[in-house]
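Listed below are the residues making up each chain.
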Amino acid sequence: MTRPEPLPGPTGPPPVVVLGMDAAGRPLPPPALAALAGAGLIVGAARHLAAVPVPAGVDTVTLGALAPAVARLAAAHAAGVPAVVLASGDPGLFGVVRRLRAAALPVRVLPAVSSVAAAFARAGLDWDGAVVVTAHGRELGPALNACRALPAVAVLTAPDAGAAEIGAGLAGWSRRLLVAEHLGTPAERVTRVTPEQAAGRRWADPHVLLSLAGAADDAGATPAGPGGAAGSGGGVGPVRRDNQPAAAPAAGWALPESAYRHRDSMITKAEVRALAVARLRPRLGRLVWDVGAGSGSVGIECALLGAAVIAVEKDPAAPVADNAARHGVDVRVVTGDAPAVLAGLPDPDAVFVGGGGTDVLTAVADRSPDRVVVTLAALDRVAPAVHLLRAAGYTVTGSQLAAARLADLPGGSVRLAATNPVVVLTGERP
Ligand SMILES: C[S@@+](CC[C@H](N)C(=O)[O-])C[C@H]1O[C@@H](n2cnc3c(N)ncnc32)[C@H](O)[C@@H]1O
């Protein structure tokens, strides 16, 4: 653990006051008004500057780009000029505090109600355990995959990375969305929509999005909290309620085959699954395809470790959804024949190919996931698979696994019982 820096003392230039603008619409409290009244420099977005009393003659910087504003703040601080930064909600939550600290500026933070807290309050939901992600200034993919994986996610958005784009990416997942625009202002608007409806509309900046598990036709009903009781017509469905995929799953992984409903040959054995899941690098923010899912055990264990998962299986009677529900994870099941059915799916970060021929592997490699893991029982398929992956730019490693399991003998002795050998190939891109 790193040693915390000492808090700023009473001597020296005053710290930069970072003042949160309340997303619940409460007026500025007296300490905030006092900081503004005594400021020599006030920095903030135009909408924030317009919403506070700026004393006559005080220098202001309208954001925009943060770097020149931070330089102005540093100069003001060095000169002993009291400075105030206006920011939204809690400035310590994906906000300006990090940038000011990175510039070695001491800060005094006066937080207000965050847009995330206000949105959950507007929805009338608890948010114990909900995950907060941001698409602000980052790639959309990890935030979108968190919404695909988890039952309660709040997304801080940016223009072109907001409710419309996330709604489009959630097509095929059972989700209801709450979009909260301009919270805490006269222009506030809170709308409950399906992903499809969100994708078809334009949304104002700023807005925050809540993505909640549940059937799309529950969009108008009171949804359940991530850890709480369902409201009328709501319910988060059969998904992991602790919403904490960054932690190792309580029951572990590489679970025995008895943890899944399966037909005997249609499950990846625990020893092989341990290696396959490790090689796929499942975690929050990634999307994994489990192609030829069978029982779904590989995809389900990826979901237990936080990944969004699509299980592709041609047999409509395969027990993937049932197994996912048993393990409390949300796996999207796509029933159909690979490779044809893969064409309509969102691009994966990693793919497990437990079933299908060379044509499936070709289609998978064409989508350029960073990892491909293949299990093969038939030896004649190993060399073509290696060559195919290498030709597609993957570095390929492989091993043959042949577990011999303890089995009881009469009289209290034990023997070894062989399981069928399998070759596990991993293709990875740098
Ligand atoms: C850089 S983040 C800052 C979040 C902020 N620290 C908070 O606690 O609300 C900016 C994003 O917060 C969300 N946001 C901030 N203020 C908002 C408001 N009044 N209404 C809706 N969303 C808001 C939007 O998603 C916006 O793009």
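For the structure given in this document, a descriptive report is provided here. Nothing here was measured: the structure is a model prediction, and the numbers come from that model. (Residues numbered from 1 in each chain as written. Predicted model: local features only at pLDDT ≥ 70, side-chain atom pairs only at ≥ 80, totals over all residues. Heavy atoms only, no water.)

### Side note on the overall build of the chain
Short version of the rule: In this text, helices come from DSSP runs of H or I with a minimum length of four residues, and strands from runs of E with a minimum of two, each type numbered from the N-terminal end. Each residue is placed in one exposure class: buried if its accessible area under a 1.4 Å probe, protein chains only, is under 20% of its type's maximum, exposed if it is over 50%, and partly exposed if it falls in between. Note on definitions: a residue-residue contact is assigned when non-hydrogen atoms from the two residues lie within 4.5 Å. The accessible surface values rely on the Shrake-Rupley method and a 1.4 Å probe; as for residues, cover is taken only from the protein chains in view.
What the chain contains, in helices and strands, is 13 helices and 19 strands. Buried positions account for 47% of the 430 residues belonging to the chain. Sequence separation of 24 or more characterises 61% of the internal contacts of the chain that already satisfy a separation of 6 or more. When the accessible surface of the chain is split by element, carbon and sulfur atoms take 56% of a total near 19,500 Å².

### Let's talk about the sheet that holds strand S1 (residues 16–21)
Spelled out, the test is: Only strands joined by at least two bridges in the DSSP assignment are considered to pair. Between the N-to-C directions of two axes lies an angle of 0 to 180 degrees, each axis being a line fitted to C-alpha atoms and, for a helix, fitted only over the stretch in contact.
Spatial strand order, S3-S2-S4-S1-S5: 5 strands in an open sheet with parallel pairing. On the outer flanks of this sheet lie strand S3 (59–63) and strand S5 (107–110), each paired with one strand and no other. Here the strands of the sheet are splayed against their neighbours by 20 degrees on average, with no regard to which way each runs. As defined by bridge partners, strand S2 (residues 41–45) adjoins strand S4 (residues 83–88) across 3 bridges and the pair is classed as parallel. Bridging from a neighbouring strand, Ile42 pairs with Val84 of S4.

### With respect to the site of the ligand
Put simply, the rule is: Throughout this document, a residue counts as near a molecule or strand when at least one of its heavy atoms sits within 4 Å of that molecule or strand. A 3.5 Å cut-off defines polar contacts: any pair of N or O atoms within that distance qualifies, except that in protein one atom must be a possible hydrogen donor and the other a possible acceptor, and neighbouring residues in sequence count only when both atoms are side-chain atoms. Three classes are used, and their members are as follows: Ala, Val, Leu, Ile, Met, Phe, Trp, Tyr, Cys and Pro are nonpolar, Asp, Glu, Lys and Arg are charged, and the others, Gly among them, are polar.
Looking at the ligand, there are 16 residues lining it, with Asp90, Ser115, Thr157, Leu183 and His207 nearest. Between the ligand and Ser88, the relevant distance is 3.1 Å, taken from a nitrogen atom to a main-chain nitrogen or oxygen of the residue. For the ligand, an oxygen atom lies 2.6 Å from a polar atom in the backbone of His207. Here the ligand loses 91% of its free accessible area of 560 Å² to cover by the protein chains. Per-class residue counts for the shell around the ligand are 7 nonpolar, 8 polar and 1 charged.

### Quick notes on the pairing of strand S6 (residues 131–134)
Stated precisely, the cut-off is as follows: Handedness of a crossover is defined as follows: orient the strands so they point away from the viewer, and if the path from the first strand over the helix to the second runs clockwise, the crossover is right-handed.
As defined by bridge partners, S6 adjoins strand S7 (residues 152–156) across 4 bridges and the pair is classed as parallel. Bridged to Val131 within S7 is Val153. Remark: the S6/helix H6 (residues 140–149)/S7 crossover connection has right-handed handedness.

### Examining the packing of helix H9 (residues 270–280) against helix H10 (residues 297–304)
Rule in force here: Throughout, the term roughly parallel applies to angles under 35 degrees, roughly antiparallel to angles over 145, roughly perpendicular to angles from 65 to 115, and oblique to all others. By convention, the crossing between two helices is left-handed when the near helix turns anticlockwise from the far helix through less than a right angle, and right-handed when the turn is clockwise.
Contact geometry for H9 and H10: axes closest at 10 Å, N-to-C directions at 50 degrees. With respect to H10, the element H9 is oriented oblique. H9 and H10 meet at a crossing whose hand is right-handed. Note on element contacts: H10 touches H9 through Ser297, Val298, Glu301 and Cys302, opposite Arg273, Val277 and Leu280. Residue classes in the contact of H9 with H10 are distributed as 4 nonpolar, 1 polar and 2 charged.

### Thoughts on the packing of aromatic side chains
Heads up, the rule is: Here the aromatic set is Phe, Tyr and Trp, taking the six-membered ring for Trp, and pairing holds for ring centres within 6.5 Å; pairs whose planes are under 30 degrees apart are stacked, those over 60 apart are edge-to-face, and all others are tilted. A positively charged side chain is recorded as over a ring if its NZ (Lys) or CZ (Arg) lies within 6 Å of the ring centre. The angle to the ring normal must also be within 35 degrees.
Per the stated rule, a full pass over the model turns up 1 aromatic pair. Seen in terms of ring centroids, Phe120 and Trp127 are 5.4 Å apart; in terms of plane orientation they differ by 5 degrees. Their pairing is stacked. For Phe120, a relative accessible area of 0% corresponds to the buried category. By relative accessible area, Trp127 is classed as partly exposed at 34%. The ring of Trp173 carries the charged tip of Arg332 above its face, separated from the ring centre by 4.6 Å. Over the ring of Tyr394 we find Arg429; its NZ or CZ atom is 4.2 Å from the centre of that ring.

### Observations concerning the packing of helix H12 (residues 358–366) against helix H13 (residues 382–391)
Relative to each other, H12 and H13 sit at 20 degrees, their axes nearing to 10 Å. Judged by the angle between their axes, H12 and H13 are roughly parallel. The two elements H12 and H13 meet at a crossing, and its hand is right-handed. Counted together, Thr358, Leu361, Thr362 and Ala365 of H12 and Ala385, Leu388 and Leu389 of H13 form the full contact between these two elements. Its residues placed into classes, the contact of H12 with H13 shows 5 nonpolar, 2 polar and no charged.

### Observations concerning the pattern of salt bridges
As a reminder, the rule being used: A side-chain nitrogen of Lys or Arg and a carboxyl oxygen of Asp or Glu constitute a salt bridge if their distance falls within 4 Å.
Enumeration over the complete set of coordinates arrives at 13 salt bridges. A salt bridge links Glu181 to Arg189; its shortest N-O distance comes to 2.6 Å. Through salt bridges with shared partners, a single ionic network connects Glu257, Glu271 and Arg405.

### Considerations on unusual backbone geometry
Glycine aside, negative phi is the norm for most residues, and most peptide bonds take the trans geometry. Across the junction of Leu63 and Gly64, the peptide omega takes the value -15 degrees, indicating a cis bond. Following the sequence through the fold, Gly64 ends up in the loop between S3 and helix H3 (66–78). With omega at 5 degrees, the peptide bond leading from Asp205 into Pro206 counts as cis. For Pro206, the position within the fold is in the loop between helix H8 (195–199) and strand S10 (207–213). The phi dihedral of Ala104 is positive, around 65 degrees, even though this residue is not glycine. If you trace the backbone, Ala104 turns up in the loop between helix H4 (97–102) and S5.

By themselves, these figures tell us nothing about what the structure is for.
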